[in-house]
Amino acid sequence: MHFFEKIKLVIKSPSKFYKNISHERGFRTPFVYYALLSIVFAIGNLASEIVYPSVPLALLASIYPWLLYLLAPVGWVFSLVASFAIAAIFHVFVYMLGGKQGYSQTYKSYVYGTTPHLLLGWVPFVGTLTGLYSMFYLFPKGLSIQQKMSMGRAVAVVVISLVIFVALILAV
């Protein structure tokens, strides 16, 4: 399946998409997919910050205007590394809730589940909607198929992970 076919199918028919990619092994294919889509997100984010700068970035950009252009590629590289770490954290809960198909299946589910958010997440307000859709539907849908677990357990993986993450942030 080609790059643009994947984008179309993961958005249009997620169940069919996740069943079709069950044969993918390893990390190369989903990583390249994520890397390419996250370039769209990085460029969109840069454009969004130029048009509607956030307060911290606006202050920094007023002192160091070149900094805004440096943050896009640095953020892109960080997101590539973070994709593995985020999937690993989710995988701990996948394993605890019965998913036994391995970390690569969790990584695939996470990466492909972020498709709408990476495409449109930089658009103000739309980003919130695509983030919620990606995190609470597409990612769990991928987990349920790739990890052979119920959709309820897959959603529980996301909810438990996020509750613990928020609790840790609030505790600090």
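Residues numbered from 1 in each chain as written. Predicted model: local features only at pLDDT ≥ 70, side-chain atom pairs only at ≥ 80, totals over all residues. Heavy atoms only, no water.

> Kindly report on the side chain of Glu 24, identifying the contributing residues and their values.
Position of Glu 24 among the secondary structure elements: in the loop between helix H2 (14-20) and helix H3 (28-51). A polar contact is formed between the side chain of Glu 24 and the side chain of Lys 6, at a distance of 2.7 Å. When near neighbours in sequence (up to four residues on either side) are disregarded, Glu 24 contacts Lys 6, Thr 29, Pro 30, Gln 105, Lys 108 and Tyr 112. (Helix = DSSP H or I, 4+ residues; strand = E, 2+ residues; numbered from the N terminus. Polar contact = N/O pair within 3.5 Å; in protein donor to acceptor, adjacent residues only side chain to side chain. Contact = heavy atoms within 4.5 Å.)

> Lay out the confidence of the model for the chain in plain terms, naming residues and giving numbers.
Chain-level statistics for the chain give a pLDDT mean of 92 and a share of 99% at 70 or above. At the level of individual helices and strands, the chain shows its lowest average pLDDT in helix H4 (residues 55-63), which scores 72, and its highest in helix H6 (residues 103-113), which scores 97. (pLDDT = per-residue confidence, 0-100.)

> Kindly report on the pattern of salt bridges, identifying the contributing residues and their values.
Tallied over the entire structure, the rule returns 1 salt bridge. The residue Lys 6 makes a salt bridge to Glu 24 at a minimum N-O spacing of 2.7 Å. Of this pair, Lys 6 sits in helix H1 (residues 3-12) while Glu 24 sits in the loop between H2 and H3, placing them 18 residues apart in sequence. For Lys 6, a relative accessible area of 5% gives the class buried. (Salt bridge = Lys/Arg side-chain N within 4 Å of Asp/Glu carboxyl O. Buried < 20%, exposed > 50% of the residue type's maximum accessible area, 1.4 Å probe, protein only.)

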